[in-house]
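Each chain, written out:
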Amino acid sequence: MDVKKGTSLGTGALLEISFNDLCFYERCGGGTFGSVYRALWQSQNMIVAVKRLLVLEKEAQVLSVLSHRNIIKFYGAVVQDPNYCLVTEFAPNDSLYSYLRNANNTLDFAQIVKWAIEIAQG
């Protein structure tokens, strides 16, 4: 495993991942603080989502202690300046935001309530 700290995934300790261990594919989205890419985490042979950031603050430490089935899995972070990144589980079906913005998708009240409960549990 090409990492600096931590010995396993999901331990609550921040796993530092080498930027060179990531092979970037297409851009999936982005916002004010960075862009999200689909990537291959080479040493783990795993497709992941990588959020490239301008600055790495406390977000990585907070994400490293969160674990719930309704929250996207956080694997680790690249802390090499200037390549700050958060490495998470890849969600192939896109985001809830994208789903809701698509006029072709319909929602019934039961689905809205189910998602609201899952979000609150997370």
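Residues numbered from 1 in each chain as written. Predicted model: local features only at pLDDT ≥ 70, side-chain atom pairs only at ≥ 80, totals over all residues. Heavy atoms only, no water.

Colleague: Account for the pattern of salt bridges, naming residues and giving values.
Modeller: A full pass over the atoms with the stated rule returns two salt bridges. With its nearest N and O atoms 2.7 Å apart, the salt bridge here joins Glu 26 to Arg 38. One end of the pair, Glu 26, is in strand β1 (residues 22-31); the other, Arg 38, is in strand β2 (residues 34-41), with twelve residues separating them in the sequence. Taking relative accessible area as the criterion, Glu 26 reaches 38% and is therefore assigned partly exposed. (Salt bridge = Lys/Arg side-chain N within 4 Å of Asp/Glu carboxyl O. Helix = DSSP H or I, 4+ residues; strand = E, 2+ residues; numbered from the N terminus. Buried < 20%, exposed > 50% of the residue type's maximum accessible area, 1.4 Å probe, protein only.)

Colleague: Lay out the sheet that holds β2 in plain terms, naming residues and giving numbers.
Modeller: Read from one edge of the open sheet, five strands run β1-β2-β3-β5-β4, paired in antiparallel fashion. Every interior strand has two partners, whereas the edge strands, β1 and β4 (74-78), have only one. Ignoring which end each strand starts from, the neighbouring axes of this sheet average 25 degrees apart. Pairing of β1 with β2 involves seven bridges; the strand directions are antiparallel. (Pairing = 2+ DSSP bridges. Axes fitted to C-alpha atoms, helices over the stretch in contact; angles between N-to-C directions.)

Colleague: Can you explain the nonpolar core? Please cite residues and give values.
Modeller: In terms of nonpolar packing, the biggest core is built from twelve residues, these being Leu 15, Ile 17, Phe 19, Leu 22, Ala 39, Trp 41, Val 48, Val 50, Tyr 75, Val 78, Cys 85 and Val 87. Broken down by secondary-structure element, the contributors of at least two residues to this core are β2, β3 (46-53), β4 and β5 (85-89). Setting aside residues no more than four positions away along its own chain, Val 50 makes contact with Leu 22, Phe 24, Ser 35, Val 36, Tyr 37, Ala 39, Cys 85, Leu 86 and Val 87. If you look at the next biggest cluster of nonpolar residues, it comprises seven residues, including Leu 14, Leu 53, Ala 60 and Leu 86. (Core = buried A, V, L, I, M, F, W, Y, C linked by side-chain atoms within 4.5 Å. Contact = heavy atoms within 4.5 Å.)

Colleague: Outline the packing of aromatic side chains, supporting the account with residue identities and numerical values.
Modeller: Aromatic ring pairs are defined here through the distance separating the ring centres and the angle between the ring planes. In the structure shown here, the tally under the stated rule is four aromatic pairs. Pairing Trp 41 with Tyr 75 gives two aromatic rings, centres 5.9 Å apart and planes at 45 degrees, and the pair type is tilted. Taken together, the residues span a long stretch of sequence, with Trp 41 in strand β2 and Tyr 75 in strand β4 at a distance of 34 residues. For Trp 41, a relative accessible area of 0% corresponds to the buried category. Look at Tyr 75 and you get buried, because its relative accessible area is 15%. Ring geometry for Tyr 99 and Trp 115: centres 5.5 Å apart, planes at 85 degrees, overall edge-to-face. (Phe/Tyr/Trp six-rings, centres within 6.5 Å; stacked < 30°, edge-to-face > 60°.)

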